Amino acid sequence: MEFQSNEWNQEQERVDYTVKKVRNHINTLVASAENVKQEAEEIRKNFWEDVTVNFDEPDDVIETMTSIKQQVELLSERERSYGHVEESVKTLQKLASSPYFARVDFREDGEPLEQIYIGIASFLDEADNYLVYDWRAPISSIYYDGIPGPVSYKTPEGTRKGEMELKRQFLIRDGVIQSMFDTGVTIGDEMLQEILGAKANTHMKSIVATIQKEQNKIIRDIKSQLLFVQGAAGSGKTSVALQRIAFLLYHFRESLSAEQIILFSPNPLFNSYISKVLPELGENNMIQTTFFDYARHRIGKDLEVESLFEQFENRLQGVKEHAEIRDKAIMVKGSLDFYHVIEKYVNQLLKGGVHFRDIVFRGKVLISKQEISELFYSYDSSYSLPNRFPLVAKRLLKILDEKAREEEQSEWVEEQMDLLDKEDFLDAFKNVKSNKKGDVFDSFDQEKAYLAKQIVRRYFKKLKRSVKQYRFFQSKAQYVHFLEQVPKLLSLEKQGISESEWESIKSHTIGNLRKKEIRMEDVVPYMYLSDLIEGKKSQTSMKYVFIDEIQDYTPIQLAYLRFLFPYSKFTMLGDINQSIHGAENESQIQMAEDIFAGQKSEIVYLRKSYRSTLPITRFTKSILADGEEVELFEREGELPKVLVTKNKNEMLEKIYEEAKYLSECSNTVAIIGKSMEQCEEAYKYLQMRMDVTLLGIETREFNEGIIVIPSYLAKGLEFDSVIVLNASDEVYGKETERRLLYTICTRAMHRLVVTSIGSPTRLLNSVPNDYYHISVTETTGE
Ligand SMILES: Nc1ncnc2c1ncn2[C@@H]1O[C@H](COP(=O)(O)OP(=O)(O)OP(=O)(O)O)[C@@H](O)[C@H]1O
């Protein structure tokens, strides 16, 4: 829409006015912050002068302690308020550059017309007039949900109704209006076009100015126990998850803090990619982790945990028939049936069968596993297994105390005495002197006895700690025993697994455990089994759990996460079409609903894809078997290219040329390979001739420029340009790899190039010829 210049000028004047007010406020805050800072420094400097220190009488000691405490509280209060001021100043500085992004004119029934300007935070002038409303305030929802005409919004006091007379969007930078649109639809496409047309960043941006109606529904949901978002690639799932966290922190600001929200994301690279969105909105980041990190934290001391990506690489490299059996193992061990089999097995342990290990000291068995077992099963069978552990541990600690006294007489203790430091002897001397009862000639013996006790105590400390940590329970042997029992508890036939296949799966697992390794598919069964026996380690203080890329979670992982966070509300976001294993887990939604049976759950579909240009989305959508479900966002761009080469050198040369060309018009160019091996090869070739970075499992961050990255790490990320490394029929020949190819191609925002050595993958046959340019090299190199 064309604006009269006076209307534009009026809006610019209002921006200037708001910016001026914001700046004034920043100045006042900075001045007051300086005062608070000086006060804190003063308190620190004069700390001991301002407290009354007197230790003469017990009453004086109490008074002194109170005085110190008061002084410490005063200091930390000053430091806290300095911290708050600093945070407010940061948000205000953002407002000073771009105070708002929208205006709605709203007339509540029977009230005068109000102009509501919406920005990333509320700002009031001295007379308490709202110059800017926070995008999360109740009234702001009419901007996201409504079109001019009758509208309503919910407040804690009830629903307000009225008429929206104008809806305007702004793009303001450095206090200057860059563009301005009036719109009759929910959120005008013009603004989206501008935002989506911009170049990619190595960090995700906030989308508050252009949140879509269906996205807003997810962001503002406060009722569901389970909110399941199934959305196409690029439909804004991750963005929505982060805006939702910001919304919840605002809406429940009295009772919710960032540490009570946890987000499980696919990999550490992704963690850093999204880490700036919340701080940009003036909020602290939630806890971020990956399922692998959680598992490693839990069992990593005893076993080396395989990551999901190692699982992917190992399966790629494995011998074919092993890979098939492994797939079956992943399927059965990841099923909900297996989860329930663990529960069944544990129920049988009430009368016997828990595996223990001997408590050994200096090669000698102090308490045998039989003794521990007898103790454990001396309790009535109505005692749950977890309830017995603290009781047994207490008893074992007592027995260890007795054993320690016996040890004090041993020869090794005498030998150790010769190796003690001077300080130890001095300590013994002082101790005996202060406790002296007998005559002076006993001193030497008493000192010796004291030292012997100290030595044994020191050596037993570790032993006692391990008893307190229930390390007398032998979790690995228990897991092996469980695997042996599985055929009795579960119909393997129904799972499509023969007895000999199960034997092979079992012996592989045992072999791994012997090597102190654990495969990803065993991680949850192993942890769940231990939790049910020793007592679960659930986290009751966590209020919200977010799981991104949910399609890569197995049913057992979902059930286990629910078990770990029993009182949390869950938001799960994913895209079946991007599942890493190409597994058929369409039933995932059903399964999630089953896990949350009886609780309020909401399933939301996001079908429109925003990331890529129209030609790219049209291309990627037709790779999918059921691609018609993905709706296109009309943003023009170049047709994707398919480059067919005759050999590896030719392909790498083409990639080099394309990367060089694309880097001139892109911030980020990603060359995406299926496996790490492929990526390393390409990297070696390219790095001699251009500035390029190879990203691996351990990479935590990436910079702008040209990168080479394996498929599974590119998940969730986006790049201006994507070059797919060798999408030949040999590399992507299986139907199960369709989704992987789709995931890789959908990372591209503005340009997509697919290369191949020889014929391109048959998976592209479903893409109409006029959706891309194809070029076949004519020379034969090598
Ligand atoms: N309402 C919106 N306004 C502006 N940009 C949006 C909006 N929704 C999504 N986007 C943009 O679309 C891109 C894709 O978003 P996001 O990564 O959140 O999608 P996703 O569904 O998680 O994708 P994928 O599953 O493919 O990883 C991002 O650049 C994001 O900023």
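Residues numbered from 1 in each chain as written. Predicted model: local features only at pLDDT ≥ 70, side-chain atom pairs only at ≥ 80, totals over all residues. Heavy atoms only, no water.

Peer 1: Help me understand the sheet that holds strand β20 (residues 692-694), please; the structure alone is not making it clear to me.
Peer 2: Backbone-to-backbone hydrogen bonds join strands into a sheet, with any given pair of strands oriented parallel or antiparallel. As summarised here, the arrangement of the seven strands in space is β20-β21-β19-β22-β23-β18-β24, forming an open sheet in which the pairing is parallel. Edge positions in the sheet fall to β20 and β24 (773-776), since each of these pairs with one other strand and no more. Across this sheet, the average inter-strand angle for adjacent strands is 20 degrees, counted without regard to direction. Note that strand β18 (residues 641-645) and β24 share four bridges and pair parallel. Bridged to Val644 within β24 is Val776. Sitting on the sheet, helix α27 (residues 738-745) is in contact with β19 (668-673), β22 (719-724) and β23 (748-757), with an inclination near 140 degrees to β22. (Pairing = 2+ DSSP bridges. Helix = DSSP H or I, 4+ residues; strand = E, 2+ residues; numbered from the N terminus. Axes fitted to C-alpha atoms, helices over the stretch in contact; angles between N-to-C directions. Contact = heavy atoms within 4.5 Å.)

Peer 1: Any chance you could explain the UniProt feature "binding site: ATP" (unreviewed entry) in the protein chain here in plain terms?
Peer 2: As annotated by UniProt and renumbered to match this structure, "binding site: ATP" (unreviewed entry) occupies Gly231, Ala232, Ala233, Gly234, Ser235, Gly236, Lys237 and Thr238. One can find Ala232 in the loop between β8 (226-231) and α6 (237-251). Relative to the helices and strands, Lys237 is located in helix α6. Given a relative accessible area of 9%, Lys237 falls into the buried group. Of the polar contacts made by the side chain of Lys237, one reaches the backbone oxygen of Ala232; its length is 2.9 Å. (UniProt positions renumbered as here; feature names shortened; annotations may be inferred. Buried < 20%, exposed > 50% of the residue type's maximum accessible area, 1.4 Å probe, protein only. Polar contact = N/O pair within 3.5 Å; in protein donor to acceptor, adjacent residues only side chain to side chain.)

Peer 1: Teacher, can you tell me more about the nonpolar core here?
Peer 2: Nonpolar side chains in soluble globular proteins tend to end up buried together. Counting residues in hydrophobic clusters, the biggest one holds 112 residues, and the most contacted among them are Trp135, Phe619 and Ile709. Membership of the second largest hydrophobic core comes to 93 residues, among which are Val346, Tyr377, Leu489 and Ile510. (Core = buried A, V, L, I, M, F, W, Y, C linked by side-chain atoms within 4.5 Å.)

Peer 1: Where do I start with the site of the ligand in this structure?
Peer 2: Around the ligand, the structure places 23 residues, and the nearest of them are Thr210, Lys237, Ser239, Glu718 and Arg747. Between Gln578 and the ligand, the recorded distance is 3.0 Å, taken from a side-chain N or O atom to an oxygen atom. In the environment of the ligand, an oxygen atom lies 2.5 Å from a nitrogen or oxygen atom belonging to the side chain of Glu718. Against a free-state accessible area of 630 Å², the protein chains account for coverage of 99% of the ligand. Those elements giving two or more residues to the shell around the ligand turn out to be α4 (189-197) and α6. By residue number, the principal contributor to the shell around the ligand is α6, which donates three residues. Of the residues that constitute the shell around the ligand, the class distribution is eight nonpolar, 10 polar and five charged. (Near = heavy atom within 4 Å. Areas by Shrake-Rupley, 256 points an atom, 1.4 Å probe, with all protein chains shown as cover. Nonpolar A, V, L, I, M, F, W, Y, C, P; charged D, E, K, R; others polar.)

Peer 1: Would you mind showing me how to read the packing of aromatic side chains here?
Peer 2: A ring pair, where both rings are aromatic, is described by two values, the distance of the centres and the angle of the planes. Applying the stated criterion across every chain yields a total of 35 aromatic pairs. On the numbers, 4.3 Å between centres and 10 degrees between planes, the contact of Tyr130 with Tyr133 is stacked. The partly exposed category is assigned to Tyr130, whose relative accessible area is 39%. Residue Tyr133 is classed as buried on the basis of its relative accessible area of 13%. Here Tyr339 and Tyr528 contribute two aromatic rings whose centre-to-centre distance is 4.1 Å and whose plane-to-plane angle is 5 degrees, an arrangement assigned as stacked. Placement of the pair is Tyr339 in helix α12 (residues 336-347) and Tyr528 in helix α20 (residues 520-534), with a sequence separation of 189 residues. An aromatic cluster is defined as three or more aromatic residues linked by ring pairs; in this entry it consists of Phe356, Phe376, Tyr377, Phe389, Tyr470, Phe472 and Phe473. One cation-aromatic arrangement involves Arg14 over Tyr117; the distance from NZ or CZ to the ring centre is 3.6 Å. Across the ring face of Tyr250, the terminal group of Arg253 is positioned such that the distance to the ring centre comes to 4.3 Å. (Phe/Tyr/Trp six-rings, centres within 6.5 Å; stacked < 30°, edge-to-face > 60°. Lys NZ or Arg CZ within 6 Å of the ring centre and 35° of its normal.)

Peer 1: I'm lost on the side chain of Arg388 in this one. Help?
Peer 2: With respect to the element layout, Arg388 can be found in helix α14 (residues 385-407). With near-sequence residues (within four places) excluded, Arg388 lies in contact with Leu350, Phe376, Tyr377, Tyr379, Asp380, Ser381 and Tyr383.

Peer 1: What should I look at first to understand a negative patch on the surface in this one?
Peer 2: On the surface, a cluster of negative charge is made up of Asp189, Glu190, Glu194, Glu634 and Glu636. With respect to the helices and strands, the residue Glu636 is situated in the loop between α23 (614-621) and β18. Classification of Glu636 by relative accessible area gives exposed; the value is 60%. (Patch = residues over 30% accessible without salt bridge, like charges linked within 9 Å, V, L, I, M, F, W, Y side chains within 5 Å. Salt bridge = Lys/Arg side-chain N within 4 Å of Asp/Glu carboxyl O. Lys, Arg positive; Asp, Glu negative; His and termini not counted. Charge placed at Lys NZ, Arg CZ, Asp CG, Glu CD.)

Peer 1: What's the story with helix α24 (residues 648-665) in this structure? I'm lost.
Peer 2: Count 3.6 residues to each turn of an α-helix, and residues three or four apart come out pointing the same way. If you check α24, its first and last C-alpha atoms are 26 Å apart, about what 18 residues at 1.5 Å a residue would give, namely 26 Å. Where α24 is concerned, the buried positions are Glu650, Met651, Leu652, Ile655, Tyr656, Glu658, Ala659 and Leu662. Looking at the buried residues of α24, the elements they touch are β18, β19, α25 (676-687), β21 (705-710), β22 and β23. Two or three places before Asn649, at the start of α24, stands the capping residue Asn647, its side-chain oxygen 3.3 Å from that residue's backbone nitrogen. (Expected span 1.5 Å × (residues − 1).)

Peer 1: Looking at this structure, how should I read the sheet that holds strand β17 (residues 601-606)?
Peer 2: Read from one edge of the open sheet, six strands run β10-β9-β15-β16-β8-β17, paired in parallel fashion. The sheet is open, and its two borders are formed by β10 (287-289) and β17, each paired with just one other strand. Going across the sheet, the axis of each strand differs from the next one's by a mean of 15 degrees, ignoring polarity. For strand β15 (residues 544-548) and strand β16 (residues 569-574), the ladder comprises five bridges, and the chain directions are parallel.

Peer 1: So what exactly am I meant to see when it comes to the side chain of Arg562 here?
Peer 2: Note that Arg562 resides in helix α21 (residues 555-564). At 12 Å, Glu343 is the nearest oppositely charged side chain to Arg562, a buried residue that forms no salt bridge. At 3.3 Å, the side chain of Arg562 forms a polar contact with the backbone oxygen of Pro566. At a separation of 3.5 Å, a polar atom in the side chain of Arg562 contacts the side chain of Gln599. Beyond its immediate stretch of four places on either side in the chain, Arg562 contacts Gln225, Ser568, Phe570, Ile595, Phe596 and Gln599.

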